[in-house]
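# Inside the fold
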Amino acid sequence: MAAWARQPGSMAAPFLLLAPFLLLFTAFLVVPLGYALFLSLYRDTLAGGTRFSGIANYADVLSDGAFWQGVWHMLLFGALQVPVMLGLALAIALVLDRGTVFLRRSFRLAFFVPYAVPSVVATLIWGYLYGRSFGPFAQAAQLAGLTAPDFLSSRWMLCSLANVVTWEYTGYNMIILYSALQAVPHELPEAAAMDGATPWQTALLVKVPAIRGALLLTVIFSIIGTLQLFNEPQLMHAVAPSVIGDHYTPNLYAYALAFTDQQYNYSAAVSFVLGALIAVISYIFMLGTREKDASA
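As the structure is a computational prediction, the values presented were derived from the model and not from experiment.

## Remarks on the pattern of salt bridges
Taken as a whole and judged by the stated rule, the model has three salt bridges. When the shortest N-O distance is used, the salt bridge between Arg-43 and Asp-60 registers 2.6 Å. Linking Arg-43 in strand β1 (residues 42-45) with Asp-60 in helix α3 (residues 56-62), this pair joins segments that are 17 residues apart in sequence. Residue Lys-207 is joined to Asp-97 by a salt bridge in which the shortest nitrogen-to-oxygen separation is 2.8 Å. Here Lys-207 is found in helix α10 (residues 199-210), whereas its partner Asp-97 is found in helix α4 (residues 65-98), with 110 residues between them in sequence. Accessibility expressed as a relative area gives 14% for Lys-207, which makes it buried.

So, in structure tokens, the structure goes:
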């Protein structure tokens, strides 16, 4: 037996080191989730007060048109925004990895800085830029004798929100992909070049397949983030209340139910259904990619 195993308290040392994390994890995640689950199983009635309802709240959520309208908005948002954001992140990462960019570190930092800007601040900045009566885009259009674009209309709102989120998170995903590219063995692109592959072919046929795991990770993160979108539409509601209602996104709907309508029990059920939906979509995506790998 090793000497350290015979020392008193050696078996307890790992648990003592984990104790601070476990306490914080339990206090700020497990307990709130447990309390929210408890709330979701009850409902307030006018006659009898708070009563146990079992899964009745969940059944109501599944037939709630407002909830599914918010989900549909976010699916459209994801179909529009995620490919653009990840495409830009991958392109920038490939350019940086090639090493022909002047001041590469400054270039990389410039694309990552927007991620360091809090989403609230970023949305306020873009809300000002989008303003039809005071924004610089509108003023430039007026100076050119053109009609000021209404970026906050119902027709363009999804695109406007997608632009904000793309500006915020392209740099974050670029760092993930760039780090994965740095781990690709140099022998692979060198062998491709010796076989006559162009830089474009090397990037698409050698480097991109080599970082497939990192690409899948960014896609899953993007799916989760899309369905959880809250800050951007919640702040844009102030400048476009007729376009962004209280159920524009599922998270915004849960927030309005809890803090505007005081329906804490139903809001908790909405949150758990949303969490289950995110897990199912993420699992289906991962399962689909695994089956594609197996068939290949």
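## Quick look at helix α6 (residues 119-130)
Across its 12 residues, α6 extends 16 Å between first and last C-alpha, which sits within 8% of the 16 Å expected from 1.5 Å per residue. Buried-residue contacts for α6 involve α7 (136-143), α8 (157-182) and α12 (231-236).

## Describing the side chain of Ser-222
With respect to the element layout, Ser-222 can be found in helix α11 (residues 212-227). Judged by relative accessible area, which is 8%, Ser-222 ranks as buried.

## Details of the nonpolar core
Within the largest apolar cluster, 35 residues are counted, with the highest numbers of intra-cluster contacts made by Phe-67, Phe-77, Met-157, Ile-244 and Val-270. Secondary-structure elements contributing two or more residues to this core are α3, α4, α6, α8, α13 (250-259) and α14 (264-295). If one sorts the elements of this core by residue count, α14 sits on top with seven residues. Once residues lying within four places of it in the same chain are set aside, the contact partners of Met-157 are Phe-151, Leu-152, Ala-240, Val-243, Ile-244 and Tyr-248. Residues Leu-90, Leu-94, Val-184 and Ala-214 belong to the second largest nonpolar core, which totals 18 residues.

Procedures and definitions
- Residues numbered from 1 in each chain as written.
- Predicted model: local features only at pLDDT ≥ 70, side-chain atom pairs only at ≥ 80, totals over all residues.
- Heavy atoms only, no water.
- Salt bridge = Lys/Arg side-chain N within 4 Å of Asp/Glu carboxyl O.
- Helix = DSSP H or I, 4+ residues; strand = E, 2+ residues; numbered from the N terminus.
- Buried < 20%, exposed > 50% of the residue type's maximum accessible area, 1.4 Å probe, protein only.
- Expected span 1.5 Å × (residues − 1).
- Contact = heavy atoms within 4.5 Å.
- Core = buried A, V, L, I, M, F, W, Y, C linked by side-chain atoms within 4.5 Å.

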